[in-house]
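# Examining the three-dimensional arrangement
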Number of protein chains: 2
Amino acid sequence: MQERHRVSLNAVRVFAIVARTGSLTAAGAELGVTSGAVSHQLKKLEDELGVSFFRRGNNTVSLTDMGRRFYEEVAPAIGLIERSADALYRDENEISVHATTSLALRWLIPSLDRFRVLCPKVRVRVETSSARGIPAIPDSDVGIRYFRTGEEAEGWELLARDLRRPVVSPVLLARGNHGREIAVADVPALQCCVGNWDWKLWCETFGIPPADLSFAHAFDTDDAALHACVAGLGMVLAPTILTARETKSGALMILPGHQPFETGTYRYRRCSESRAVRQFCAWMDTEMRNLE
Amino acid sequence: MQERHRVSLNAVRVFAIVARTGSLTAAGAELGVTSGAVSHQLKKLEDELGVSFFRRGNNTVSLTDMGRRFYEEVAPAIGLIERSADALYRDENEISVHATTSLALRWLIPSLDRFRVLCPKVRVRVETSSARGIPAIPDSDVGIRYFRTGEEAEGWELLARDLRRPVVSPVLLARGNHGREIAVADVPALQCCVGNWDWKLWCETFGIPPADLSFAHAFDTDDAALHACVAGLGMVLAPTILTARETKSGALMILPGHQPFETGTYRYRRCSESRAVRQFCAWMDTEMRNLE
DNA sequence: TTTCCTGCATAAATTTTCCTCAGCCTCCCT
DNA sequence: AGGGAGGCTGAGGAAAATTTATGCAGGAAA
């Protein structure tokens, strides 16, 4: 192979943009550099090749025949490479995460900014679905869902244990509390899952007669129930992980004298093995470790 | 158009070469840089894109699936751009010059190194033909030929006037000179063109009877005739421009008492308007000016 | 096994390249 | 005529590429 003259492909790209836009200034804007930089790049390319791609009017440039020919030859190639690299980048740095609505709204989304700081390149698309137990998560790179205690969780990594305790609005707590320990019977219980499964398990665990509970409204997501709870409609058996903000700010109080108990786990599954997915899962793990 | 991540196309080229050769060292050699430079470029590209193109063994690299895919996508595009630029460069910086054998051998080729110094990028291909009066010079960027005085020279630029005078080997000059002025009749005349046109014109111009001349051998080019002349076979009516070296070194002497006279002109014609051609013609002009 | 050699990765230093800035010019449009 | 827009250019500083030096691991040779 002969000694060949290797032009700067970056300069060729600059040329292509100038050729397309017909202006150094516009090309500079597109590239995020000044027109002077473009002028220099172009001049260097022309000098190296020993050709003139542009006819220089005094404050305008226009393609010469040679320039047009070269542009028509190289522009598709440049475009192909850029699209190719771009697709690669997106595939690798854009992940979709599927999570239940409540977890997404109350934990994932509020935490996501810390992930962005950690991995600024990775863009996360959050997909929510309110249905708890969707077995197959379609075309998501990461799925997060809730598992009741004892439920089969083959292939799912532990994200966090779900510890629940009754929470209630401070207003309601103050109203019901007349110098004595408040009783669960004094506060309407809000349902947030089908069949009232969580309250039943709670009664069972702590030996409380289910009849003591007075059920008020029902909601299809924890998030909705918690909104109702904040509004003073009653108490919710709330996962600690979903109420960090409210208990911290005092918008919700833990019903005194009640220990958290484990009703299940949040678990995630990788459906792809890209680096971004690994980073995201690792980040979730550290987030959870920091919560403990 | 969205904010897009512009990878360095030069880095992509480096990647492509590494992918093709399968070795950083080999790629470095091909690019004329060290393997360290290649390693850096590659790493930067992978980091920017957030992907791994190569599996790193400890002293070996091999393409990952993603790397192979990317290579197959971009390699043709890279190749296209390089070939395109290369062709452009050659078209623009490689010129072919057609000249008669004698002028090429005795003036153009000896002078060409000065042109190389002036325009190192331009490569000149010299094409010679012994036939004097070829009307059309096929696919040459510059044609140079001789025009007899009075010959139609439309479209041909003047390169140099052709001044001729009889020259002879000093050996022959010394042999014939016995204390008196040497006469043209004493030296055999060598013919170097069809019909002995030059000697006839010379006789006519200076009023010398053609019968005084004793013709010896004949040659089809000035160059051959001059070789014979140097060898002492006789005198040649030689263009000054073709005998600079010999008269300077003393290998040939001008026959005493004879003035140069103009028999025609050397002229050139541009058959293409590339920059290299302009540079070459300008250089020829200055060369000729310097000779005067 | 031990030793050497080759190939790659990495950090620091250096060279090269690139970009910006400021000044200047010309055209074009009020 | 004046001012804005667009482009050119040179200087100087910022950023990127390259080299150099070193380390490390695998394979070949002793």
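Since we're looking at a predicted model, the values are computed, not measured. (Residues numbered from 1 in each chain as written. Chains lettered and ligands numbered in written order. Predicted model: local features only at pLDDT ≥ 70, side-chain atom pairs only at ≥ 80, totals over all residues. Heavy atoms only, no water.)

Close approach of charged atoms allows side chains with opposite charge to pair. All names here are of chain A. A complete count under the given rule lists 40 salt bridges over all chains for this structure. Note that Arg90 is salt-bridged to Glu94, the shortest N-O span being 3.9 Å. Using a relative accessible area of 27% as the deciding quantity, one classes Arg90 as partly exposed. Judged by relative accessible area, Glu94 falls into the partly exposed class, the value being 26%. (Salt bridge = Lys/Arg side-chain N within 4 Å of Asp/Glu carboxyl O. Buried < 20%, exposed > 50% of the residue type's maximum accessible area, 1.4 Å probe, protein only.)

On to the protein's contact with DNA strand D, then. Taken together, the neighbourhood of DNA strand D is formed by 18 residues, with Leu24 and Thr25 of chain A together with Thr34, Lys44 and Asn58 of chain B sitting nearest. Counted by atom, the contact set of DNA strand D within 4 Å of the protein is 76% sugar and phosphate. Side-chain polar atom of Ser39 of chain A to a phosphate oxygen of DNA strand D: 3.2 Å apart, as the coordinates give it. At 3.5 Å from a sugar or linking oxygen of DNA strand D is found a main-chain nitrogen or oxygen belonging to Asn59 of chain A. Secondary-structure elements contributing two or more residues to the surface near DNA strand D are α2 (24-31) and α3 (35-49) of chain A together with α3 (35-49) of chain B. The biggest single contributor to the surface near DNA strand D is α3 of chain B, with 5 residues. Here the surface near DNA strand D is composed, by residue class, of 3 nonpolar, 12 polar and 3 charged. (Near = heavy atom within 4 Å. Polar contact = N/O pair within 3.5 Å; in protein donor to acceptor, adjacent residues only side chain to side chain. Helix = DSSP H or I, 4+ residues; strand = E, 2+ residues; numbered from the N terminus. Nonpolar A, V, L, I, M, F, W, Y, C, P; charged D, E, K, R; others polar.)

Another aspect to go through is the domain arrangement of chain A. Residue and element names in this part refer to chain A. According to the domain assignment, chain A contains domain 1 (9-92) and domain 2 (94-291). Relative placement of domain 1 and domain 2: their C-alpha centres are 54 Å apart. Facing the 4 residues of domain 1 at the interface are 5 residues of domain 2. Between domain 1 and domain 2 lies a buried interface of about 400 Å² when both sides are counted; carbon and sulfur atoms form 34% of it. Linking domain 1 to domain 2 there are 1 residue pair in polar contact (both at pLDDT 80 or more). Here the residues of the side of domain 1 that touches domain 2 are counted per class, giving 1 nonpolar, no polar and 3 charged. (Domains from an automatic or database assignment. Contact = heavy atoms within 4.5 Å. Buried area = accessible area lost by both parts, 1.4 Å probe.)

Glancing now at the relation of the copies chain B and chain A. What relates the pair of chain copies is a rotation about an axis plus a shift along that axis. Relative to chain A, chain B is turned by 180° and slid 0.0 Å along the rotation axis, the superposed coordinates differing by an RMSD of 0.3 Å. Read as a symmetry element, the transformation amounts to a two-fold axis. Among all C-alpha atoms of chain B, that of Ala77 of chain B lies closest to the rotation axis, at 2.3 Å. (Least-squares fit on C-alpha atoms with pLDDT ≥ 70 in both.)

A word on the protein's contact with DNA strand C. Around DNA strand C lies a shell of 20 residues, among which Thr34, Lys44 and Asn58 of chain A together with Thr25 and Arg56 of chain B are the nearest. A breakdown of the atoms of DNA strand C within 4 Å of the protein gives sugar and phosphate a share of 79%. Between DNA strand C and the protein, one listed contact pairs a sugar or linking oxygen with a side-chain N or O atom of Asn58 of chain A at 2.7 Å. Contact distances for DNA strand C include 3.1 Å between a phosphate oxygen and a backbone N or O atom of Leu24 of chain B. Those elements giving two or more residues to the surface near DNA strand C turn out to be α3 of chain A together with α2 (24-31) and α3 of chain B. With 5 residues, α3 of chain A is the largest single contributor of residues to the surface near DNA strand C. Among the residues making up the surface near DNA strand C, the classes are represented as 3 nonpolar, 14 polar and 3 charged.

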